[in-house]
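Inside the fold
Residues per chain are reported as follows:
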Amino acid sequence: MIKELFAKDVVNKYGDFTIPEARGTGGMVMVKADWCGHCRRALPELEKVSNLTGMAYPIYKIDADKNKELVSSMGVNGFPTIMFIERDGKVSVKYEGERESKSILDKICKKARKCY
């Protein structure tokens, strides 16, 4: 299950964004908007990934319309934006690739060295 995050759940320290809840596991976060067609197509694929990885590699979502200031400060300018979260909780590199569950799982396997 994908957990929704809000601005209060993300720490911004000098432009470095951390999701404290993801410390120890890492994960992914998708910045999305309800009106975005690409987001509506990507979200079910991320749900599949989340169902496979569970809390061992959590998946989060941030609604851009509910968290405008946070999303702007993160430099997000297109939707969906999917980013990896390192094991220390820092939001790091942007996910580049197909937005289907198999491709996402392959990237997780390479990036986080956890295969599902």
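For the structure, check the block above.
In this text the structure is predicted, and so the values were computed from the model without any measurement.

Criteria and cut-off values
Residues numbered from 1 in each chain as written. Predicted model: local features only at pLDDT ≥ 70, side-chain atom pairs only at ≥ 80, totals over all residues. Heavy atoms only, no water. Core = buried A, V, L, I, M, F, W, Y, C linked by side-chain atoms within 4.5 Å. Buried < 20%, exposed > 50% of the residue type's maximum accessible area, 1.4 Å probe, protein only. Helix = DSSP H or I, 4+ residues; strand = E, 2+ residues; numbered from the N terminus. Contact = heavy atoms within 4.5 Å.

With 18 residues, the main nonpolar core has M28, M30, L46, I59, I104 and I108 as its most contacted residues. Among the elements of the structure, β4 (27-32), α1 (37-53), β6 (81-85) and α3 (101-112) are those that each provide at least two residues to this core. Element by element, the count of residues in this core is highest for α1, at five residues. Residues contacting I104, with those up to four places away along its chain left out, are M28, L46, V49, Y95, E98 and R99. Counting residues in hydrophobic clusters, the runner-up holds 17 residues, among them Y60, A64, M74 and M83.

If you trace the backbone, M1 turns up in the segment before β1 (3-5). Considered as a pair, M1 and Y60 are 59 residues apart in the sequence and their alpha carbons are 8.7 Å apart. Not counting chain neighbours up to four residues away, the residues in contact with M1 comprise E47, S50, N51 and I59.

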